[in-house]
Amino acid sequence: MLDSNNTSAEIEASSVDTAVLPVGAIEQHGPHLPISADWRQAEAIGYGVAERLDAFLLPALPFGNSESHSGFRGSITIRPKTLQALVTDTLLSLFDQEFRNVVVINTHGGNLVLKLAVRAVNMNRSSSRALLVFPPLLAAQRLSNIFPRFGDEMHAGDLETSLMLHLTPDEVRAGAINHVPDVSPEFFDYAPMKKYCPDGVWGRAAQATAEKGRQALQIMIDETVSHIEATCKRLEDLNKENQTADSPNAESH
């Protein structure tokens, strides 16, 4: 695995053709978690995935689109078009250096514009590709075995608090609470979270443990790597099928 601690010469001399770009956010996570929680999770999952893929790991982007957390001091939001431009430029820069695959690991549900960024660059590239993954969603089925009410884990609850107890226990404060509002997740699109989750928690943070966080991290890394490998293989197969169909020797009908 390579990362930003390597020199340009070392990266040049390597045969690594896959890069990993984690994207998080800086936003409130209740009274008990630091505002860096999403960023920390992006770093940890990104490291695990890059290590497994023997890839080039870029520093995690800390800022995301966090409009739904307005009203909580310390939360930073950048405009969707700003995030899209930043990620697009990063992807194109890596493509120009002949990185064939770039995996964008998103750990913040509000970064919806990443889908548009990845789709746009992929539609204009034939030799390189970007993959967008959201580890909690990929691992949802297995995570539900650890968190029986996983569907209630929207923000700063059992899952995220457990992850932070595992990753940076000294940064977890007292005051974890359980709170699940009587609204659906679509309310993130209608009003700031503070209106229906005044403490900034949507989940059962008081039930968190470091052991659950350790298991959850490994599950998300495993499921993300499996998804990436399967997707890349299918894309390779499709490319070969298309090349065969376009071959001058291919049978015409």
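Residues numbered from 1 in each chain as written. Predicted model: local features only at pLDDT ≥ 70, side-chain atom pairs only at ≥ 80, totals over all residues. Heavy atoms only, no water.

Trainee: Would you mind going over the nonpolar core in detail, with residue names and values included?
Mentor: By size, the foremost hydrophobic cluster in this structure holds 26 residues, and its most contacted members are Val20, Ile45, Val49, Ile105, Leu143, Phe147 and Ile228. Going through the elements one at a time, α2 (37-53), β4 (101-106), β5 (129-133), α6 (140-146), α7 (158-167) and α8 (210-246) are the ones with two or more residues in this core. Per-element tally for this core: the top contributor is α8, with eight residues. Among the nonpolar cores identified, the runner-up in size contains 24 residues, and Val16, Phe56, Ile78 and Val104 belong to it. (Core = buried A, V, L, I, M, F, W, Y, C linked by side-chain atoms within 4.5 Å. Buried < 20%, exposed > 50% of the residue type's maximum accessible area, 1.4 Å probe, protein only. Helix = DSSP H or I, 4+ residues; strand = E, 2+ residues; numbered from the N terminus.)

Trainee: Quick rundown of the pairing of strand β2 (residues 18-23)? Include the residues and the values.
Mentor: Most of β2 sits inside the fold, with six of its six residues counted as buried. Burial along β2 is two-sided: Thr18, Val20 and Pro22 and Ala19, Leu21 and Val23, pointing in opposite directions, are all buried. Note that β2 and β4 share six bridges and pair parallel. Bridging from a neighbouring strand, Pro22 pairs with Ile105 of β4. Alignment of β2 against strand β3 (residues 56-57), held across two bridges, turns out to be parallel. Directly across from Val20, in β3, lies its bridge partner Leu57. Each parallel crossover has a hand, and the one from β2 via α2 to β3 is right-handed. (Pairing = 2+ DSSP bridges. Right-handed = clockwise from strand over helix to strand, strands pointing away.)

Trainee: Help me get a handle on the sheet that holds β5, residues and values and all.
Mentor: Across the sheet, which stays open at both edges, the five strands sit in the order β1-β3-β2-β4-β5 with parallel pairing between neighbours. Where the open sheet ends on each side, the last strands, each with one partner, are β1 (2-3) and β5. Lying over the sheet, helix α4 (residues 113-123) contacts β2, β4 and β5, oriented at roughly 160° with respect to β5. (Contact = heavy atoms within 4.5 Å. Axes fitted to C-alpha atoms, helices over the stretch in contact; angles between N-to-C directions.)

Trainee: Requested: an account of the pattern of salt bridges, with residues and values cited.
Mentor: One pass over the structure, following the stated rule, counts nine salt bridges. For Asp222, the salt bridge identified is with Arg52, shortest N-O distance 2.8 Å. Here Arg52 lies in helix α2 and Asp222 lies in helix α8, a separation of 170 residues in the sequence. For Glu211, the salt bridge is made with Arg214, and the minimal N-O distance between the two is 2.7 Å. With Glu211 and Arg214 both in helix α8, this residue pair falls three residues apart, about one helical turn. Exposure remark for Glu211: the relative accessible area of 39% places this residue in the partly exposed category. Using a relative accessible area of 41% as the deciding quantity, one classes Arg214 as partly exposed. Taken together, the shared-partner salt bridges connect Arg100, Arg129 and Glu236 into one network. (Salt bridge = Lys/Arg side-chain N within 4 Å of Asp/Glu carboxyl O.)

Function-wise, these values are silent; they only describe arrangement.
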